[in-house]
Amino acid sequence: MGAPARAFDQAALTAFELDFQVDGVRRRLPLGACWDTRFEAAGPVREFSWRKEARGFAGWYYSVTARDHVGYESWLERDRLVLLDRAPEVVAVASQPFWLHWRDGTRRRRHAPDYFVRLADGRGRLVDVRAEDELDEVTCDAFAATEDACRAVGWEFEWAGRPDPVFMANVRWLARFRRARCGRPDWVADRLAEVFRDPKSLWEGAGLVGDRLQVLPVLFHLLWSGVLGTDLVGGLMERTSLVWTEGSEWAG
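Here is a short report on the structure shown in this document. (Residues numbered from 1 in each chain as written. Predicted model: local features only at pLDDT ≥ 70, side-chain atom pairs only at ≥ 80, totals over all residues. Heavy atoms only, no water.)

Quick word on the packing of aromatic side chains
Condition: Each Phe, Tyr or Trp ring, with Trp reduced to its six-membered ring, pairs with another whose centre is within 6.5 Å; inter-plane angles below 30 degrees give stacked pairs, above 60 give edge-to-face pairs, and intermediate values give tilted ones. Every helix listed is a DSSP run of H or I at least four residues long, and every strand listed is a run of E at least two residues long, numbered separately from the N terminus. Any residue under 20% of the maximum accessible area for its type is buried, any over 50% is exposed, and the rest in between are partly exposed; the area is computed with a 1.4 Å probe on protein chains only. Criterion for a charge above a ring: Arg CZ or Lys NZ at most 6 Å from the ring centre, at most 35 degrees from the ring normal.
Scanning the entire structure with this criterion turns up 13 aromatic pairs. With centroids separated by 6.3 Å and ring planes inclined at 50°, the aromatic side chains of Phe16 and Trp102 adopt a geometry described as tilted. Highlighted residues: Phe16 in the loop between α1 (10-15) and β1 (17-22) and Trp102 in strand β6 (residues 98-104), separated in sequence by 86 residues. For the pair formed by Phe16 and Trp102, the shared burial category is buried. Here the aromatic rings of Phe116 and Trp155 are separated by 5.4 Å at their centres, their planes lie at 75°, and the arrangement is edge-to-face. In this pair, Phe116 sits in strand β8 (residues 115-119) while Trp155 sits in the loop between α4 (137-153) and β10 (156-160), placing the two residues 39 residues apart along the sequence. Grouping residues by exposure puts Phe116 and Trp155 together as buried. Through a chain of ring-to-ring contacts, three or more aromatic side chains come together here, namely Phe20, Phe39, Phe98, Phe116 and Trp155. Its end group placed over the ring of Trp99, Arg110 keeps NZ or CZ at 3.7 Å from the ring centre.

If you want it as structure tokens, here you go:
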């Protein structure tokens, strides 16, 4: 999981405290005493708002990476969850993993980061989601303090704004086919990888493999998982979208 980063960050290990709940036990400890906790297994430290008049829109997203439902408090947070679920370097994610406590001059402050992400190399990453036009001074200060805490223990910090709308619309569509069952039967997946070694349109390639009603869900799953590639930014996917097998000679 790494280790606290640099000697001059040692003050942060006691200046910040984390209030969290793991395995049903609630604790509040200095950052230096708990930074190696499995926060990907932590429960949310505050309830999501389900009120009709609430500004956000809370819900649960089933993450194939976490193999569990992960909470979100807005569509923007939901979109970030989808992107985290597709990222190959992410192996686990938890929402609202802890309260980060610190003193800002004479004031006591606290902030609950939106997501704790465990990376494949063992490091942690905190993700805060907020549209750029909704940032205010208080929020920016909280994000800066969170980044300081991350730096002290070798975690990454990410502020996530609005994703590109075309890219996000395409990834949302592919997310419908994220579950492993969509990638079966295996012979269809294998045949698709073979057919698209020479790039061709989505519709043409699917037709070469078999009945498109059976083939297309597998094709979309392979696009989600990165076995197949296509341009997700230039426009919405359609029948004529060029698809290729990642790692093939053409894909470089």
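A short note on the packing of helix α3 (residues 75-86) against helix α5 (residues 165-175)
Put simply, the rule is: Geometry is summarised by axes, namely lines fitted to C-alpha atoms with helices restricted to the contacting stretch, and by angles between N-to-C directions that run from 0 to 180 degrees. In what follows, roughly perpendicular refers to angles from 65 to 115 degrees, roughly parallel to angles under 35, roughly antiparallel to angles over 145, and oblique to any angle outside these ranges. Crossing handedness: left-handed means the near helix sits turned counterclockwise from the far one by under a right angle, and right-handed means the same turn made clockwise. By definition in these notes, contact holds between two residues if any of their heavy atoms fall within 4.5 Å.
Orientation of α3 relative to α5, taken along the N-to-C sense of each, is 65°, at an axis distance of 10 Å. As judged from the angle between their axes, α3 and α5 are roughly perpendicular. Along this stretch, α3 crosses α5, giving a crossing that reads as left-handed. Touching Arg78, Asp79, Val82, Leu83 and Arg86 of α3 are Phe167, Met168, Val171, Arg172, Leu174 and Ala175, all from α5.

With respect to the packing of helix α7 (residues 202-209) against helix α8 (residues 212-225)
Threshold: For this classification, Asp, Glu, Lys and Arg are treated as charged, while Ala, Val, Leu, Ile, Met, Phe, Trp, Tyr, Cys and Pro are nonpolar and the rest, including Gly, are polar.
For the pair α7 and α8, interaxial distance at closest approach is 9 Å and the crossing angle is 120°. What the angle tells us is that α7 and α8 run oblique. In the crossing of α7 with α8, the sense of the turn from one axis to the other is right-handed. Contact residues: α7 offers Leu202, Trp203, Ala206, Gly207 and Val209, while α8 offers Arg212, Val215, Leu216, Leu219 and Phe220. Residue composition of the contact of α7 with α8, grouped by class: eight nonpolar, one polar and one charged.

Some thoughts on the sheet that holds β6
Consider a sheet: its strands pair through backbone hydrogen bonds, and that pairing is either parallel or antiparallel. Formally: Only strands that DSSP links by at least two bridges are regarded as paired with each other.
Read across the open sheet, the four strands follow the order β2-β1-β6-β7; overall the sheet is antiparallel. The two strands at the open ends of the sheet, each matched to only one other strand, are β2 (25-30) and β7 (107-111). Within this sheet the neighbouring strands show an average axis-to-axis angle of 20°, counted without direction. The pairing of β1 with β2 spans six bridges and is classified as antiparallel. Across the sheet, the residue bridging to Phe20 is Arg27, located in β2. Together, β6 and β7 form the strand contacts of α4, whose direction differs from that of β7 by roughly 80°.

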